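Breakdown of the fold
Residues per chain, in single letters:
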Amino acid sequence: MIFPRFQSFARSLPAWLDGFRRREDGAMTLFGLYIFLASLVFCGLAVDVGFAYKTRTELQVAADSAAHAALFVRQTADAETARAAAVRIAEGTLSPLAYGDVLLPEDVQFGYWDNAARVFTPDEESSEAVLINTAQLAERSNAARAFLLNFVGIDHWDVNAMSVFTIEGSACANEGFIAQGRVDMQSNNTFKEGFCVHSNSYVHFNNNNTFEPGVNVSMPDLDDLDVPNMDRNWGLIEALREQRISLAFLDQLGTIIDGLEDADPEYTPDYITNVIPVELKKTRNLTEKDFTPGRIHTTNCSGGGTVSIKSNTTLTDIVLVTDCDVTFGSNVTLENVVVATRSTDTRSVSAAASLQLGRDDGCAEGGGAEILTLGGFRAASKLTMYGGKIIAAGDVDFAAQGDGGEGASIVAGGEIDGTSNTTMGVCGAGMGKAYITPRLRLAG
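A brief report on the enclosed structure follows. Every value quoted in this text rests on a predicted model; they were computed, and no experiment measured them.

What counts, and at which threshold
- Starting from 1, residues in each chain are numbered consecutively following that chain's sequence as written.
- Since the coordinates come from a predicted model, pLDDT governs what is reported: local features require at least 70, and pairs of side-chain atoms require 80 or more to be given and counted, while whole-chain, interface and lining totals use all residues.
- Side-chain numbers come from the whole structure's heavy atoms, not from hydrogens or water.
- Paired rings are identified among Phe, Tyr and Trp, the last through its six-membered ring, by centres lying within 6.5 Å, and are further divided according to the angle between planes into stacked (under 30 degrees), edge-to-face (over 60) and tilted (the rest).
- We count a stretch as a helix when DSSP gives it H or I for four or more residues in a row; a strand needs E for two or more, and each element gets its number in order from the N terminus.
- Distance and angle both matter: a charge sits over a ring if NZ of Lys or CZ of Arg is within 6 Å of the ring centre and within 35 degrees of the ring normal.
- Counted as salt bridges are all cases of a side-chain nitrogen of Lys or Arg within 4 Å of a carboxyl oxygen of Asp or Glu.
- Partly exposed describes any residue whose relative accessible area lies between the buried limit of under 20% and the exposed limit of over 50%, with all areas from a 1.4 Å probe on protein chains only and scaled to the type maximum.
- Two cysteine sulfurs form a disulfide in these notes if their separation is within 2.5 Å.
- In summary, the charge assignment counts Lys and Arg as positive and Asp and Glu as negative, without counting His or the chain termini.
- For this analysis, residues touch if any pair of their heavy atoms sits within 4.5 Å.
- Strand pairing is assigned whenever DSSP detects at least two bridges linking the two strands.
- In this analysis, axes come from line fits to C-alpha atoms, helices being fitted only over the stretch in contact, and the angle between any two N-to-C directions falls in the range 0 to 180 degrees.
- As used in this structure description, the phrase polar contact means that two N or O atoms lie within 3.5 Å; if the pair is within protein, one of them must be able to donate a hydrogen and the other to accept it, and residues adjacent in sequence are counted only when both atoms belong to side chains.
- Joining through side-chain atoms within 4.5 Å is the link that ties buried Ala, Val, Leu, Ile, Met, Phe, Trp, Tyr and Cys residues into a set, and such a set is a nonpolar core.
- Patches here are clusters of residues that have more than 30% relative accessible area and form no salt bridge, with a 9 Å joining cutoff for like charges and a 5 Å cutoff for nonpolar side chains (Val, Leu, Ile, Met, Phe, Trp, Tyr).
- Exposure was quantified through the Shrake-Rupley algorithm and a 1.4 Å probe, taking into account, for residues, occlusion by the shown protein chains and nothing else.
- All charge positions are set by atom: Lys at NZ, Arg at CZ, Asp at CG, Glu at CD.

What follows is about the packing of aromatic side chains. As enumerated under the stated definition, the model contains six aromatic pairs in all. Considering the side-chain rings of F177 and F195, the 5.1 Å spacing of their centres and the 85° angle between planes classify their relative orientation as edge-to-face. Of this pair, F177 sits in strand β7 (residues 176–179) while F195 sits in the loop between β9 (190–191) and β10 (196–199), and the two are 18 residues apart along the sequence. An aromatic cluster of at least three residues, connected via ring pairs, comprises F177, F191, F195, F205, F211 and F398. In this structure, R74 packs its charged tip against the face of F110, placed 5.6 Å from the ring centre.

What follows is the structure, encoded as structure tokens:
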């Protein structure tokens, strides 16, 4: 009985198979399987790409924080110390236990940033800009993991982020010579390590000038450098840099002078202990006896006039704010002193021989002196600066035999003319109030 049934089944099997082949019910199940597999791939891609972007965002935050720290520290320390600070900040942001070494010392480069060309030029001696790369890479054994894409053979992502920070206003604004117009230094000048000379026009030197390693001399176009004999300016070739520095911060000068008169805490030096201004009773031949230490002194010369400081006078721990011209006799010394005038005269502040700005204390903290003017400054021979600053909206002119080997800063909205036989260097501490503070910014 079984055999006939098998014969019947065998005869009907081809027809059944042909019918089964033609049937369409159940097709959605197979299509659904394809959709499911495709969804897995796209979901895996979305999850893993999203994780990669999250990792890059974290690396960018670490890079920005580390770059800011590196450039901040570099203003007062060497490159190695600044790199170590950057690595510490990166490790504090992204723990090495979870992320590995996202920043190595060799990932920190100092140099110069050309914002117009979007180009970073490395220079180990520079404190003007820093470029940092943070990374999670397979070669560092800390690559970002891939999860679902493991099923198609992708088990990691190499991710990195870059950050460039630069100084707005330049460190030259705190120690060095920086001018919108020409900077003219004649002969037999010595510039010590760390000092900088910058012009947004051009720089001129005569002969027999010495530039120690670590000095920066810069201008927008080095073709404009005016030097009669490069071989007679030792170290100058190594010091040259091509850059432009914004002096827009000089627009703050009027606000700073107003703030000093109003005893604004942002501008008032620490040695001022009584912020109630003292009106000067006279303006001619002033000596120590005409000032009260720890006080702000003011006077007004409506219609023009001059405040004169008598020769052989030493002023200490005072602020003078005026709209008069200010003149100093010979051998005047200013220690912990700010002299600020709103006068716009080309010689709104002038001095006879041997004006000393700052205390001769080997760069100890404090003791500095600042002259702020909306006009120009001129000093005769032997201007001495020990943590001394001159910030002028106009020209600055000082004659031969100047000495700023223990901290000198001159900022001019016009030109700087420094003549011959000067020695200029950086100090760090003892530079007095930083009225024009270079600002760190993320390169946009």
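In this section: the pattern of salt bridges. According to the stated counting rule, one finds 12 salt bridges in the structure shown. The salt bridge involving D184 is made with R182; its shortest N-O contact spans 3.1 Å. Look at D184 and you get buried, because its relative accessible area is 6%. Across the salt bridge formed by E415 and R182, the nearest N and O atoms sit 3.1 Å from each other. Of the two residues, E415 sits in the loop between β30 (408–412) and β31 (416–419) while R182 sits in the loop between β7 and β8 (183–185), which places them 233 residues apart along the sequence. Salt bridges sharing common partners tie together R182, D184 and E415.

Put plainly, two cysteines are in a disulfide when a covalent bond ties their sulfur atoms together. Enumeration according to the criterion identifies two disulfides in this entry. Here C301 is linked by a disulfide to C324, with a sulfur-sulfur distance of 1.8 Å. Residues C301 and C324 share a disulfide whose torsion about the S-S bond is about 90°; that sign makes it right-handed. Separated by 23 residues along the polypeptide, C301 in the loop between β17 (295–299) and β18 (306–309) and C324 in the loop between β19 (314–322) and β20 (325–328) bring together distant segments of the chain. Accessibility classification places C301 together with C324 in one group, the buried group. Each sulfur of the disulfide joining C363 and C427 lies 1.8 Å from the other. Pair noted here: C363 is in the loop between β23 (356–357) and β24 (369–373) and C427 is in the loop between β32 (423–424) and β33 (439–442), with a separation of 64 residues, a long-range link. Looking at C363, the relative accessible area reads 21%, which means it is partly exposed. Since its relative accessible area comes to 16%, C427 is described here as buried.

A few words on the side chain of K389. The topology assignment puts K389 in strand β27 (residues 388–392). Although K389 is buried, it forms no salt bridge, and the closest oppositely charged side chain is E370 at an N-O distance of 5.3 Å. Ignoring anything within four residues of it in the chain, the contact list for K389 reads N174, L357, A369, E370, I371, S409, M431, G432, K433, A434 and Y435.

On the basis of which strands lie adjacent, the open sheet formed by eight strands has the order β11-β8-β31-β28-β25-β22-β20-β18 and parallel pairing. A single partner strand is all that each edge strand has here, and the edge strands are β11 (203–205) and β18. When the angles between neighbouring strand axes are averaged without regard to direction, this sheet yields 10°. Sheet analysis places β18 next to β20, joined by four bridges and oriented parallel. Residue pairing in the sheet places S308 in a bridge with T327 of β20.

Turning our attention to the environment of D123. Topologically, D123 is positioned in the loop between β2 (119–122) and β3 (129–136). Not counting the four nearest positions on each side in its chain, D123 is found in contact with F110, G111, Y112 and R241. At 2.6 Å, the side chain of D123 and the side chain of R241 are in polar contact.

Quick look at the environment of Y267 now. Of note, Y267 is situated in the loop between α6 (253–261) and β16 (274–279). The exposure class assigned to Y267 is buried, which follows from its relative accessible area of 12%. Linking Y267 and I257, residues 10 residues apart in sequence, is a C-alpha distance of 8.4 Å. Those residues in contact with Y267, other than ones at most four positions away along the chain, are T255, I256, G259, L260, K433 and Y435.

In terms of burial, strand β21 (residues 333–341) is largely enclosed, as nine of its nine residues are buried. Relative to β21, β19 runs parallel, the two being bridged by eight bridges. Bridge pairing in β21 places V319 opposite V338. Bridge analysis of β21 against β23 gives two bridges, and the strand direction is parallel.

This part is about the nonpolar core. Note that soluble globular proteins tend to have their nonpolar side chains buried in a common cluster. If you look at the biggest cluster of nonpolar residues, it comprises 53 residues, and the most contacted ones within it are F205, V217, F328 and F398. Those residues in contact with F398 that lie beyond four places of it in its chain are F177, M185, A379, L383, I410, I416, D417, G418, T419, T422 and M424. Counting 26 residues, the second-largest nonpolar core is a separate cluster that includes L250, I256, Y267 and Y435.

Here we take up unusual backbone geometry. With phi around 50°, N285 is a residue other than glycine that occupies positive phi space. Structurally, N285 can be placed in the loop between β16 and β17. Of note, the phi angle at N331 is positive, near 60°, even though the residue is not glycine. Summarising the element assignment, N331 is placed in the loop between β20 and β21.

The next thing to look at is a negative patch on the surface. Together, D114, D223, D224 and E242 give the surface a local cluster of negative charge. The topology assignment puts D224 in the loop between β13 (216–219) and β14 (233–234). D224 sits in the partly exposed class, given a relative accessible area of 40%.

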